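Fold and contact review
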Amino acid sequence: MIIADIEKMFRQIGICEADMPLQSILWRTDTKKEVETYELATVTYGTKPAPFLATRTLKQLASDEYNRFPNASKALVDDVYMDDVITGTDTESDAIKLCADLIKLADSGGFRLRKFASNSAAALREVKIEDLALPQTNEINLDPDPSVKTLGLVWQPHKDYFRFNFTIEQIAAKERLSKRKILSAIAMLFDPLGLVGAVTTSAKIFMQRLWRLQEDGKTLGWDHPVPIEVEEEWRSFHGQLSILNNLKIQRCAVLPEAVNMELHFFSDASERAYGACAYVKSIDKHGRSVVCLLAAKSKVAPLKSQSIPRLELCGAFLSAELSVKVREALKLEIDMHFWTDSTCVLQWLKAIPATWSTFVANRVAKIQTITENCTWRHVPGLQNYYCLDQRGPNLSPRVPGRSSGDSVEGGHTRPSFLASSILSRNGAPQGRLLQNS
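Heads up: these notes are all about the structure in this document. Predicted model only: the values in this text are computed from it and were never measured. (Residues numbered from 1 in each chain as written. Predicted model: local features only at pLDDT ≥ 70, side-chain atom pairs only at ≥ 80, totals over all residues. Heavy atoms only, no water.)

1. A word on the overall build of the protein chain
Counting its secondary structure elements, the protein chain contains 10 helices and 19 strands. For the protein chain, buried positions account for 44% of its 437 residues. Summarising the internal contacts of the protein chain: among those between residues at least 6 apart in sequence, 67% fall at separations of at least 24. Of the roughly 24,200 Å² of accessible surface on the protein chain, 52% is carried by carbon and sulfur atoms. (Helix = DSSP H or I, 4+ residues; strand = E, 2+ residues; numbered from the N terminus. Buried < 20%, exposed > 50% of the residue type's maximum accessible area, 1.4 Å probe, protein only. Contact = heavy atoms within 4.5 Å. Areas by Shrake-Rupley, 256 points an atom, 1.4 Å probe, with all protein chains shown as cover.)

Here it is, written out as structure tokens:
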């Protein structure tokens with residue numbers, strides 16, 4: 001894996017003269033001088049078209065230089081999010097060439113790549129020392145686990161781990177908590193991949209609960225103290241959040257030189273929320289297999305009460321939508337399998353959408369379209385690996401990791417039966433008594 005940052009990306013991109021008057025500013029270097037009008041000649045951060053202009057320029061650069069740097073151009077188009085480059089190769093030799101080509105490609109467009117980092121020191125052989133995110137030195141390093149931040153996650157390249165770095169402010173024992181204070185803390189839980197999805201789901205449920213609080217018949221004010229029972233529950237939850245910063249999650253989710261991969265999507269629902277998670281199963285040439293969590297997504301149940309089967313259907317639809325995102329990100333043709341513990345959902349998916357009510361029909365139609373040529377299977381509730389906890393937030397046992405066997409990963413127990421089973425033609429793992437869809 002290779003990451004880098006495009007230095008001052010917006011300021012390296014000029015705009016046409018006709019648009020410069022739209023970026024006029026008033027300025028003077030001294031309070032005694034007259035105010036002068038200046039026109040900004042480059043893309044300006046904060047303006048509405050800035051992100052589009054920046055990314056469009058990178059794509060044009062990749063197109064113009066494709067013949068000279070085909071692999072780097074492809075990485076610039078597919079593996080860049082704003083000014084962050086996140087790419088990789090299968091071998092160190094390819095990584096060395098990719099780094100060198102990325103630097104030359106960026107330089108040809110007037111950009112400079114810096115803050116390079118990789119889980120392979122050899123891959124950065126062609127990178128200048130001043131452009132490295134982490135110093136490579138033979139001297140004593142007081143930081144045993146140097147890390148870099150990328151897209152909201154902390155990555156330790158030397159050990160190839162992801163970690164979280166949530167800002168958890170301490171709450172004074174006598175401090176009364178307001179809705180503003182609690183919502184501010186919830187906003188700190190940024191987990192784009194859903195690696196601690198069960199935790200963030202509990203926080204979302206708590207957030208919805210806060211918005212429903214009332215005082216004297218009116219919505220509770222931002223700075224009004226919340227009820228004592230709500231405050232105590234939040235203190236219990238908040239006191240465990242620091243555990244998340246101790247978690248280490250292996251970045252690589254597949255076996256080296258895997259010869260076969262499968263994607264498995266699990267969905268579940270409760271009265272308070274519904275969600276889905278994606279696992280990837282990889283098998284190497286020796287027959288060894290590993291199953292790892294890739295991503296998860298959840299939503300709180302709507303305020304208008306819905307039946308559990310309908311919420312299970314919403315979870316199945318979320319599972320289908322998640323599969324689209326995962327498949328687009330992986331850019332690989334991989335067999336996909338969908339699992340749910342709801343027999344109602346499986347029966348709905350078997351029939352023509354028009355058979356059912358509008359609510360069910362709309363979602364069934366979309367699921368059938370997205371998951372065409374894929375299989376839906378029943379999994380017993382105790383083996384559903386997106387099982388939403390009904391007992392309230394409790395982070396202590398939720399220690400994510402990517403290793404073999406049953407374990408808990410961000411609140412999602414890893415499905416070891418997938419690692420030890422071969423899917424039969426009728427859709428059930430051999431040796432497992434599961435109802436087929």
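2. Re the sheet that holds strand 4 (residues 80–81)
Remark on secondary structure: sheet strands pair via backbone hydrogen bonds, oriented parallel or antiparallel. Strand order in this open sheet of four strands is 4-5-1-6, and the pairing throughout is antiparallel. One side of each edge strand has no neighbouring strand; the edge strands of this open sheet are strand 4 and strand 6 (113–118). Of the strands in this sheet, strand 1 (2–6), strand 5 (84–87) and strand 6 touch helix 3 (residues 92–108), which is tilted by about 170° from strand 6. (Pairing = 2+ DSSP bridges. Axes fitted to C-alpha atoms, helices over the stretch in contact; angles between N-to-C directions.)

3. Let's talk about the packing of aromatic side chains
In this description, a pair of aromatic rings is defined by centroid distance and the angle of the planes. Inspection of the entire model under this criterion finds nine aromatic pairs. A centroid spacing of 5.1 Å and a plane angle of 20° characterise the contact between F164 and F166, whose relative ring orientation is stacked. The residues F164 and F166 share a single accessibility class, namely buried. Through successive ring pairs, a cluster of aromatic residues spans F206, W234 and F237. Its guanidinium or amino end placed over the ring of Y161, K248 lies 5.9 Å from that ring's centre, counting from NZ or CZ. Geometry around W339 places R377 over its ring, the cationic atom sitting 5.4 Å from the centre. (Phe/Tyr/Trp six-rings, centres within 6.5 Å; stacked < 30°, edge-to-face > 60°. Lys NZ or Arg CZ within 6 Å of the ring centre and 35° of its normal.)

4. With respect to the state of the cysteines
Using the criterion set out here, one finds zero disulfides in the structure. Sulfur of C252: no disulfide; nearest cysteine sulfur belongs to C292 and is 8.2 Å away. For C252, a relative accessible area of 35% puts it in the partly exposed group. (Disulfide = S-S within 2.5 Å.)

5. What about the nonpolar core?
In terms of nonpolar packing, the biggest core is built from 40 residues, with W155, F164, I182, L210, V226, W234 and L244 touching the most fellow members. Every element with two or more residues in this core is listed here: strand 8 (153–156), helix 4 (179–187), helix 5 (197–212), helix 6 (228–238), strand 14 (273–283) and strand 15 (289–300). Broken down by element, this core gets its largest block of residues, four residues, from helix 5. (Core = buried A, V, L, I, M, F, W, Y, C linked by side-chain atoms within 4.5 Å.)

6. Observations regarding the sheet that holds strand 16 (residues 335–340)
Here five strands make up an open sheet; going across it, the order is 15-14-13-16-17 and the pairing mixed. Two strands lie at the open edges of the sheet, namely strand 15 and strand 17 (375–378), each paired on one side alone. Strand after strand, the sheet turns through a mean of 20° between neighbouring axes, direction not considered. For strand 13 (residues 260–269) and strand 16, the ladder comprises six bridges, and the chain directions are parallel. Each residue of the ladder has a partner; that of H264, found in strand 16, is H337.

7. Brief notes about a positive patch on the surface
Together, K204, K297, K299 and K325 make up a positively charged patch on the protein surface. As for its placement among the helices and strands, K325 is situated in helix 7 (residues 308–330). (Patch = residues over 30% accessible without salt bridge, like charges linked within 9 Å, V, L, I, M, F, W, Y side chains within 5 Å. Salt bridge = Lys/Arg side-chain N within 4 Å of Asp/Glu carboxyl O. Lys, Arg positive; Asp, Glu negative; His and termini not counted. Charge placed at Lys NZ, Arg CZ, Asp CG, Glu CD.)

8. Description of unusual backbone geometry
A positive phi is found at D160, a non-glycine position, where the angle reads about 60°. Position of D160 relative to the elements: it lies in the loop between strand 8 and strand 9 (161–163). For D160, a relative accessible area of 14% corresponds to the buried category.

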